[in-house]
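Chain residues, written in single-letter form:
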Amino acid sequence: MKQKAAAIAVTVLGWLVLSFLPVLGLPDKPSRAESEKAIRASAYEMMKAFLTQDVAAFKRHSAKRTLDLIDLAYESARQDPVYQQELQKAHIANSDQFLGYFMLGMANQYLQAMPLSPEAAALQVSKNSTVSFISDSEARIAVGDSGFARARLVARVWKIDLTDWLKKPVLKEVKDPELRAKIKSL
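Residues numbered from 1 in each chain as written. Predicted model: local features only at pLDDT ≥ 70, side-chain atom pairs only at ≥ 80, totals over all residues. Heavy atoms only, no water.

S.K.: Looking at this structure, how should I read the layout of surface pockets?
M.R.: Over the atoms, a rolling probe the size of a water molecule traces out where space has been left empty. Empty space within the largest pocket amounts to approximately 560 Å³. Residue lining of the largest pocket: 20 residues in total, with Ala 73, Phe 98, Phe 102, Val 170 and Glu 173 positioned closest to the centre. When residues of the lining of the largest pocket are traced back to their parent elements, those giving at least two are helix 4 (64-79), helix 5 (81-89), helix 6 (95-113) and helix 8 (163-173). For the lining of the largest pocket, the element with the most residues is helix 6, which contributes six residues. Residues belonging to the lining of the largest pocket are distributed by class as follows: 16 nonpolar, two polar and two charged. For the second largest pocket, the calculated volume is near 420 Å³. (1 Å grid on protein atoms, 1.4 Å probe; cavity = no way out; pocket = protein on both sides within 12 Å on 5 of 7 lines; lining within 4 Å. Points joined across faces, edges and corners; volume = space filled by probe spheres on them. Helix = DSSP H or I, 4+ residues; strand = E, 2+ residues; numbered from the N terminus. Nonpolar A, V, L, I, M, F, W, Y, C, P; charged D, E, K, R; others polar.)

S.K.: Looking at this structure, I do not really get the sheet that holds strand 2 (residues 138-143). What am I missing?
M.R.: Hydrogen bonds between backbone groups are what pair the strands of a sheet, and the pairing can be parallel or antiparallel. The strand order 1-2-3-4 describes an open sheet built from four strands, whose pairing is antiparallel. Looking at strand neighbours, the two that pair on one side only are strand 1 (129-135) and strand 4 (157-161), the edges of this open sheet. Within the sheet, the average angular offset between the axes of one strand and its neighbour, ignoring direction, is 30 degrees. Bridge count for strand 1 against strand 2 is six bridges, and the pairing is antiparallel. Opposite Phe 133, over in strand 2, you have Ala 139 as the bridge partner. Against the sheet, helix 2 (residues 32-51) touches strand 1, strand 2, strand 3 (146-154) and strand 4, its axis set at about 125 degrees to strand 1. (Pairing = 2+ DSSP bridges. Axes fitted to C-alpha atoms, helices over the stretch in contact; angles between N-to-C directions. Contact = heavy atoms within 4.5 Å.)

S.K.: Where do I start with the pattern of salt bridges in this structure?
M.R.: When the charged atoms of two side chains with opposite charge come close together, those side chains can pair. Inspection of every chain in the model, using the stated rule, returns twelve salt bridges. Here Asp 136 and Arg 32 are joined by a salt bridge, their closest N and O atoms 2.9 Å apart. Residue Asp 136 is found in the loop between strand 1 and strand 2, and its partner Arg 32 is found in helix 2; the two are separated by 104 residues along the sequence. A residue is classified by how much of its surface remains accessible, and Asp 136, at 38% relative accessible area, is partly exposed. Between Glu 178 and Lys 182 there is a salt bridge, with its nearest N and O atoms 3.7 Å apart. (Salt bridge = Lys/Arg side-chain N within 4 Å of Asp/Glu carboxyl O. Buried < 20%, exposed > 50% of the residue type's maximum accessible area, 1.4 Å probe, protein only.)

S.K.: I keep staring at the packing of helix 2 against helix 7 (residues 118-128) and nothing clicks. Help me out?
M.R.: Relative orientation and spacing of two packed helices are given, respectively, by the angle between their axes and the distance between those axes. Close contact between helix 2 and helix 7 brings their axes to 8 Å; oriented N to C, the two are set at 145 degrees. Taken as a pair, helix 2 and helix 7 cross one another with a handedness that is right-handed. Contacts between helix 2 and helix 7 involve Arg 40, Tyr 44, Met 47, Lys 48 and Leu 51 from the former and Pro 118, Glu 119, Ala 121, Ala 122, Leu 123, Val 125, Ser 126 and Lys 127 from the latter. Here the contact of helix 2 with helix 7 is composed, by residue class, of eight nonpolar, one polar and four charged. (Left-handed = near helix turned anticlockwise from the far one by under 90°.)

This is the structure:
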């Protein structure tokens, strides 16, 4: 009997809290302006992490699909005899090291083409990008004429998804049909 009364009390309390959240001024979802600001901040942090080869920060701001693509690219490189030697020479033994190695090469190319500090380059990309909402939990990010990323709201945090932008160049390098199929399905 006491358990039933406690369950009813918890249910009523939960209903009351949920009913009064709007009255208390606590929004159930952020506004588009707040979301855009959060997306730009996440894009800035991710770009800065990329340009400074901060793997942990890059992963923190990445969508799961992007991280899955990186894992599949690493698996492909491990299987390819041409890349096996390069991985051994660079002492790359896991996906995080592979990501750091990849970021080093790409960041150097980017910073040579855009002679700015990593922070200034990240700020420029964040400010000059266009954010277009697809839904309350997804947005498209474009820089210039190229739609290079998506932002996805995951557990109230905006994650940047570079999968669609990276898929094509990764697929050019992947030979294994099973890995190619997995990459295409992302």
